[in-house]
Amino acid sequence: MDIRVEPILYEQKSVFIQMLELYNYDFSEFSNDDINEYGYFGYGHVDDYWNEEGRHPFFIRVNEKLAGLVLVRSCCEHNDLPNPHNIAEFFVMKKYRKKGVGRAAAMKIFDMFHGGWEVSQWINNVPAQNFWGKVIAAYTDGKYDTFTATEANETGFTFDNSL
């Protein structure tokens, strides 16, 4: 299985928006969000990924087929880390889950950006906590910390992969 992570080009914005809709539909189990009167969830930061420094959008592909997306930001929400990065959004389509696609994509992303990493999940999203716990433990050989940001209803992991 050929798993790739590739930058999303501005010309692919409509595909990016559609993929975010799939992600938000899937995530509504945890967010309790509803669609709007036009049938969309929406995502308030679409254009920011081409207009703001430090935002990096990527598609995940499996054997050339779209399989998900990863949005990386060069900042931290809850921790003070050197050369910070975080996973803003991470989505693997159900067809590709439990096949190592998410794990491979996450590790490729971590390898692309060196420094401090913050990866948070909503407290009620136990499947994401389990996924990230396993991936980060394997990636860091167990050298990571955990945190809870009660005010944001989030928990997560931090590590540093500086060279």
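Calculation notes
- Residues numbered from 1 in each chain as written.
- Predicted model: local features only at pLDDT ≥ 70, side-chain atom pairs only at ≥ 80, totals over all residues.
- Heavy atoms only, no water.
- Axes fitted to C-alpha atoms, helices over the stretch in contact; angles between N-to-C directions.
- Helix = DSSP H or I, 4+ residues; strand = E, 2+ residues; numbered from the N terminus.
- Parallel < 35°, antiparallel > 145°, perpendicular 65-115°, else oblique.
- Left-handed = near helix turned anticlockwise from the far one by under 90°.
- Contact = heavy atoms within 4.5 Å.
- Nonpolar A, V, L, I, M, F, W, Y, C, P; charged D, E, K, R; others polar.
- Bend = angle between axes of the 7 residues up to and from the residue.
- Buried < 20%, exposed > 50% of the residue type's maximum accessible area, 1.4 Å probe, protein only.
- 1 Å grid on protein atoms, 1.4 Å probe; cavity = no way out; pocket = protein on both sides within 12 Å on 5 of 7 lines; lining within 4 Å.
- Points joined across faces, edges and corners; volume = space filled by probe spheres on them.

Asker: Just checking my understanding: could you explain the packing of helix α3 (residues 101-112) against helix α4 (residues 126-140) for this structure?
Answerer: The description of two helices packed together rests on the angle between their axes and the distance between the axes. Direction vectors running N to C along α3 and α4 enclose 50 degrees, while the axes themselves pass 10 Å from each other. In terms of axis orientation, α3 runs oblique to α4. In this structure, α3 meets α4 at a crossing whose hand is right-handed. Residues Gly102, Arg103, Ala106, Met107, Phe110 and Asp111 of α3 pack against Phe131, Trp132, Lys134, Val135, Ile136, Ala138 and Tyr139 of α4. Broken down by class, the residue content of the contact of α3 with α4 amounts to nine nonpolar, one polar and three charged.

Asker: Help me understand helix α1 (residues 13-31), please; the structure alone is not making it clear to me.
Answerer: For an α-helix, 3.6 residues make a turn, and residues three or four places apart therefore share a direction. Along α1, the largest kink reaches about 30 degrees and is centred on Tyr25. Among the residues of α1, those classed as buried are Lys13, Phe16, Met19, Leu20, Glu21, Tyr23, Asn24, Asp26, Phe27, Ser28, Phe30 and Ser31. Looking at the buried residues of α1, the elements they touch are α2 (48-51), β2 (55-62), β3 (65-73), β4 (84-92), β5 (116-122) and α4. Where α1 terminates, the next one or two residues include Asn32, which has phi positive at roughly 65 degrees.

Asker: Mind showing me how you'd approach the layout of surface pockets here?
Answerer: It is the rolling of a water-molecule-sized probe over the atoms that shows where space remains empty. Size it by volume and the largest pocket reaches roughly 1300 Å³. Lining of the largest pocket is provided by 46 residues; of these, Tyr23, Phe27, Phe90, Asn125 and Ala128 occupy positions nearest its centre. Those elements that provide at least two residues to the lining of the largest pocket are α1, β4, α3, β5 and α4. If one sorts the elements of the lining of the largest pocket by residue count, α1 sits on top with eight residues.

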